[in-house]
Amino acid sequence: MPQPKSDPKPKTRAAAAGAGPLAGLKGPIVLVGAGKMGGALLDGWLRLGLDPRKIVVLEPHPSADVAAQAIAGLRLNPDPAGLKPEAVVLAVKPQTAPEALPPLAPLAGHGGVMISIMAGRTLGFLTQVFGPGTAAVRAMPNTPAAIGRGMTVAVANAAVTAAGRTLAQNLLGATGKVDWVAEEDLIDAVTAVSGSGPAYVFLLAESLARAGVAAGLPPDLARKIARETVAGAGELLYRSPLDAATLRKNVTSPGGTTAAALDVLMAADGLDPLLEKAIAAATKRSRELAG
Ligand SMILES: NC(=O)c1ccc[n+]([C@@H]2O[C@H](COP(=O)([O-])OP(=O)(O)OC[C@H]3O[C@@H](n4cnc5c(N)ncnc54)[C@H](OP(=O)(O)O)[C@@H]3O)[C@@H](O)[C@H]2O)c1
């Protein structure tokens, strides 16, 4: 008997009935995989007023939070055979896709848009699974989506109509900003920069804390000031009209402490070449996941 999984997401799910960019959708919107990213999108849709009765979730181990939406009318794991979706959002792991998605191919026969957020999996893969002529969008969101501050980049194939693109924009935009690109190739590097990017920022907080401990700080204090510094600097970057380089210069007194640290971080063997290597590795991995 499948057990409900614990909810990894903040408790932001609230069915907000009424107006909003998603309120007019006829549905159903089918979400395949309601884990960390799929669940964050679902939160966004509900927050923006999508009627839970228009949502279908296919997920073998739904979190308690997702299961609770069934009371409000969300359909959980119905037989997909009878569904005629307006859009299907594919949020299973890319490695699972070749087994998980072919049984769902009939979902694509009704003129809806197939929107994949899977790393690596191409538009070509989607039309292979769902049939030639399928309207498909490949998108790469990130986890700040869980608090409505996500960044998504998307590409559509030629079968996506203007209305389909607006629908995809509204569904993806429920969790933050959306940019569209014309060249699918860019999505692998986008995945490396913004898809995976939050992990690098969290690593910075971890690493800053460890460096603080090495400099003699008590671990609790080091963790607290590292976390607050990364969060506060991110918030300042978000709210300020200034660019990152200017905000950095504003911290850097000539001949001061920041300059001493930046001499290390901005040296020829500093952060730039390290991140370049990391982004190249993630981009390569995204291409490998294409299968
Ligand atoms: N996490 C991120 O930061 C992020 C960012 C951008 C894009 N993505 C992409 O989003 C996708 C999901 O990633 P995630 O981090 O959210 O992973 P996740 O938490 O593991 O979510 C995937 C979900 O799909 C479920 N699932 C497995 N087989 C299924 C099936 N046959 N039908 C329906 N659902 C099924 C999984 O259930 P079980 O766990 O029970 O197997 C799991 O709940 C991936 O393709 C990833 O590349 C993730």
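For the chain, an unreviewed UniProt entry supplies the name Pyrroline-5-carboxylate reductase and the organism Rhodoplanes tepidamans. Quoted straight from UniProt, the Pathway (unreviewed entry) entry for the chain says "Amino-acid biosynthesis; L-proline biosynthesis; L-proline from L-glutamate 5-semialdehyde: step 1/1." Under the heading Subcellular location (unreviewed entry), UniProt records this for the chain: "Cytoplasm".

This next bit is on the layout of surface pockets. If a probe as big as a water molecule is rolled over the atoms, it shows which places are left empty. For the second largest pocket, the calculated volume is near 1,000 Å³. Lining the second largest pocket are 37 residues, with Met37, Ala91, Val92, Lys93 and Pro94 sitting closest to its centre. At the level of elements, helix H1 (36-47), helix H6 (186-195), helix H7 (197-214) and helix H11 (271-289) are the ones that each hand at least two residues to the lining of the second largest pocket. Here the lining of the second largest pocket takes four residues from H11, the largest share from any one element. Of the residues belonging to the lining of the second largest pocket, the class tally is 20 nonpolar, twelve polar and five charged.

Counting 36 residues, the largest nonpolar core has Leu42, Trp45, Ile115, Val137 and Leu171 as the members making the most contacts within it. Ranked by residue count, the leading element in this core is H1, at six residues. In terms of nonpolar packing, the next biggest core, distinct from the first, is built from 28 residues, Leu101, Ala108, Phe125 and Val155 among them.

Relative to the assigned elements, Ala97 resides in helix H3 (residues 97-100). The exposure class of Ala97 is buried, given its relative accessible area of 0%. With residues up to four places along the chain from it excluded, the contact list for Ala97 reads Val92, Pro102, Met118, Arg121 and Phe125.

All right, on to the packing of H7 against helix H8 (residues 219-239) then. For any two helices packed against each other, the geometry is given by the interaxial angle and the distance between the axes. Look at H7 against H8: their axes get within 8 Å of each other, and the N-to-C directions meet at 145°. For the element pair H7 and H8, the recorded crossing hand is right-handed. Here Val201, Leu204, Ala205, Leu208, Ala209, Gly212 and Val213 of H7 come into contact with H8, specifically with Pro219, Ala222, Arg223, Ala226 and Val230. Of the residues belonging to the contact of H7 with H8, the class tally is ten nonpolar, one polar and one charged.

Counted under the stated rule, the structure contains zero aromatic pairs. Lying over the aromatic face of Tyr238, Arg149 brings its terminal NZ or CZ to 3.2 Å of the ring centre.

Further remarks concern the pairing of strand E2 (residues 55-58). Side-chain alternation along E2 places Ile55 and Val57 on one buried face and Val56 and Leu58 on a second face that is also buried. In this sheet, E2 lies alongside strand E1 (residues 29-32) in parallel orientation, the contact comprising four bridges. The residue of E2 that forms the bridge with Ile29 is Ile55. Taken together, E1, H1 and E2 constitute a β-α-β crossover, and its handedness is right-handed.

The UniProt entry lists residues 29-120 under the feature "domain: Pyrroline-5-carboxylate reductase catalytic N-terminal" (unreviewed entry), expressed in the numbering used here. Strand forms 20% of residues 29-120 and helix 23%; the C-alpha atoms that close the span are 23 Å apart.

Turning our attention to the environment of Leu50. Residue position: Leu50 is located in the loop between H1 and E2. Owing to a relative accessible area of 2%, Leu50 belongs among the buried residues under this scheme. Along the backbone, Leu50 and Thr191 are 141 residues apart, and their C-alpha atoms lie at a distance of 27 Å. When residues no more than four places from it in sequence are discounted, the contact partners of Leu50 are Leu22, Leu25, Ile29, Trp45 and Ile55.

A few words now on the pattern of salt bridges. Pairing between side chains of opposite charge can happen when their charged atoms approach one another. Overall, the coordinates contain nine salt bridges when judged by the stated rule. A salt bridge links Arg53 to Asp51, with the nearest nitrogen and oxygen atoms 2.7 Å apart. Its relative accessible area of 58% is what places Arg53 among the exposed residues. A salt bridge links Arg239 to Glu235; the nearest nitrogen and oxygen atoms lie 2.9 Å apart. Here Glu235 and Arg239 lie together in helix H8, a separation of four residues that amounts to about one turn. Relative accessible area serves as the criterion here: at 29%, Glu235 is assigned to the partly exposed category. Salt bridges sharing partners connect three or more residues here, namely Arg138, Glu184, Asp188 and Arg287.

Rules used throughout
Residues numbered from 1 in each chain as written. Predicted model: local features only at pLDDT ≥ 70, side-chain atom pairs only at ≥ 80, totals over all residues. Heavy atoms only, no water. UniProt positions renumbered as here; feature names shortened; annotations may be inferred. 1 Å grid on protein atoms, 1.4 Å probe; cavity = no way out; pocket = protein on both sides within 12 Å on 5 of 7 lines; lining within 4 Å. Points joined across faces, edges and corners; volume = space filled by probe spheres on them. Helix = DSSP H or I, 4+ residues; strand = E, 2+ residues; numbered from the N terminus. Nonpolar A, V, L, I, M, F, W, Y, C, P; charged D, E, K, R; others polar. Core = buried A, V, L, I, M, F, W, Y, C linked by side-chain atoms within 4.5 Å. Buried < 20%, exposed > 50% of the residue type's maximum accessible area, 1.4 Å probe, protein only. Contact = heavy atoms within 4.5 Å. Axes fitted to C-alpha atoms, helices over the stretch in contact; angles between N-to-C directions. Left-handed = near helix turned anticlockwise from the far one by under 90°. Phe/Tyr/Trp six-rings, centres within 6.5 Å; stacked < 30°, edge-to-face > 60°. Lys NZ or Arg CZ within 6 Å of the ring centre and 35° of its normal. Pairing = 2+ DSSP bridges. Right-handed = clockwise from strand over helix to strand, strands pointing away. Salt bridge = Lys/Arg side-chain N within 4 Å of Asp/Glu carboxyl O.

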